[in-house]
Amino acid sequence: MCMSGGGSSAAAAAQREDAANRQARVSEGVKSIDKNFGKFTDSFYDNTRRDYLRYAQPQLNYQFKNAHGNVLADLARSGRINTSAGANRLADLQRQRDLQGGAIMGRAEDFSNNHRKQVNQEKRSLVSALNASGDSSQAANLSAQSAGVLAGMPAPNPIGQLFTNFSALGAIDADAKRNGYRGLLPGSRNSNSQTIIN
């Protein structure tokens, strides 16, 4: 009985030692994960937001410039560039540009927040895998690889066409008709039945 009791005590002590060693490896692994993911600070995510703006704002400006040129050309062809209708059209374009600019600011914030969520999710996954395996070396290697990949800027979605309502003469013609004119397109006639020549 004494031998049996001694064996049980030794086995229990070995189990406790194994558990302690395992916990030490897990703690070491968590430290490695925290170290490798330490670069993901608020400053990092603010830079991610700015990176998106540097990507999207030049496209917004380019599209606005083209749309502005299209509107001016269409108004000139229709002979209405110095009219209230023309001024309203340009004002509508500027309002659209302001709205799209605000929307891009919101997209940049969402882009940064989504990146933060992705990083946090990956970190939780690594900690979960570490708790299951108890392998601190694997945790250190995998977290270094993951952090390296996540440190790069994710591929943003294209911003799309932002000024489609200002890209063709047909849109101006429709506005003119709503204002009492029969049309501004070639071959159409105004309320005095005079053909407009471009």
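To keep things clear, this report deals only with the structure shown in the data block. (Residues numbered from 1 in each chain as written. Predicted model: local features only at pLDDT ≥ 70, side-chain atom pairs only at ≥ 80, totals over all residues. Heavy atoms only, no water.)

A few words on the nonpolar core. If you look at the biggest cluster of nonpolar residues, it comprises 16 residues, and the most contacted ones within it are Tyr52, Leu93, Ile104, Leu162, Phe163 and Phe166. Broken down by element, the residue count for this core peaks at eight residues, all from helix H2 (residues 42-78). Dropping the residues within four chain positions of it, Phe166 is found in contact with Ala67, Asn70, Val71, Arg89, Asp92, Leu93 and Gln96. With 12 residues, the next largest nonpolar core counts Phe37, Phe40, Ala139 and Leu150 among its residues. (Core = buried A, V, L, I, M, F, W, Y, C linked by side-chain atoms within 4.5 Å. Buried < 20%, exposed > 50% of the residue type's maximum accessible area, 1.4 Å probe, protein only. Helix = DSSP H or I, 4+ residues; strand = E, 2+ residues; numbered from the N terminus. Contact = heavy atoms within 4.5 Å.)

What follows concerns the packing of helix H3 (residues 84-133) against helix H4 (residues 136-150). In the contact formed by H3 and H4, the axes pass within 10 Å of each other and the chain directions differ by 170°. In terms of axis orientation, H3 runs roughly antiparallel to H4. Together, His115, Gln118, Val119, Glu122, Leu126, Leu130 and Ser133 of H3 and Ser136, Gln138, Ala139, Leu142, Ser143, Ser146 and Leu150 of H4 make up the contact between the two elements. Considering only residue class, the contact of H3 with H4 consists of six nonpolar, seven polar and one charged. (Axes fitted to C-alpha atoms, helices over the stretch in contact; angles between N-to-C directions. Parallel < 35°, antiparallel > 145°, perpendicular 65-115°, else oblique. Nonpolar A, V, L, I, M, F, W, Y, C, P; charged D, E, K, R; others polar.)

Bringing the side chain of Thr48 into the picture now. The residue Thr48 is located in helix H2 in this model. With a relative accessible area of 4%, Thr48 lands in the buried category. Every residue in contact with Thr48, bar those within four places of it in the chain, is listed here: Phe111, Ser112 and His115.

Scanning the entire structure with this criterion turns up seven salt bridges. Across the pair Arg50 and Asp46 runs a salt bridge, and its minimum N-O distance is 2.4 Å. Remark: Asp46 and Arg50 occur in helix H2; sequence separation between them is four residues, near one turn of the helix. Note on Asp46: relative accessible area 28%, which makes it partly exposed. Of the charged contacts in the structure, one is a salt bridge between Arg77 and Asp74, with a shortest N-O distance of 2.0 Å. Highlighted residues: Arg77 and Asp74, both in helix H2, separated by three residues, approximately one helical turn. (Salt bridge = Lys/Arg side-chain N within 4 Å of Asp/Glu carboxyl O.)

A word on H4. Between its first and last C-alpha, H4 extends 21 Å over 15 residues, near the 21 Å set by a 1.5 Å rise per residue. Within H4 the residues assigned to the buried category are Ser136, Ala139, Ser143, Ser146, Ala147 and Leu150. Take H4 and look down its axis: the buried residues cluster within an arc of 100°, on one side only. For H4, exposure combined with an orientation more than 90 degrees from the buried face picks out Gln145 and Val149. Where H4 begins, the side chain of Asp135 points an oxygen toward the backbone nitrogen of Ser137, at a separation of 3.2 Å. (Expected span 1.5 Å × (residues − 1). Arc of directions from axis to C-beta. Polar contact = N/O pair within 3.5 Å; in protein donor to acceptor, adjacent residues only side chain to side chain.)

In this section: the packing of aromatic side chains. By the definition in use, this model includes six aromatic pairs. With a centroid separation of 5.3 Å and 85° between ring planes, the pair formed by Phe44 and Tyr45 is classed as edge-to-face. Considering the side-chain rings of Tyr52 and Tyr55, the 5.9 Å spacing of their centres and the 55° angle between planes classify their relative orientation as tilted. Of the two residues, Tyr52 and Tyr55 both sit in helix H2, three residues apart, roughly one turn of that helix. In this structure an aromatic cluster arises from ring pairing among Phe37, Phe40, Phe44 and Tyr45. (Phe/Tyr/Trp six-rings, centres within 6.5 Å; stacked < 30°, edge-to-face > 60°.)

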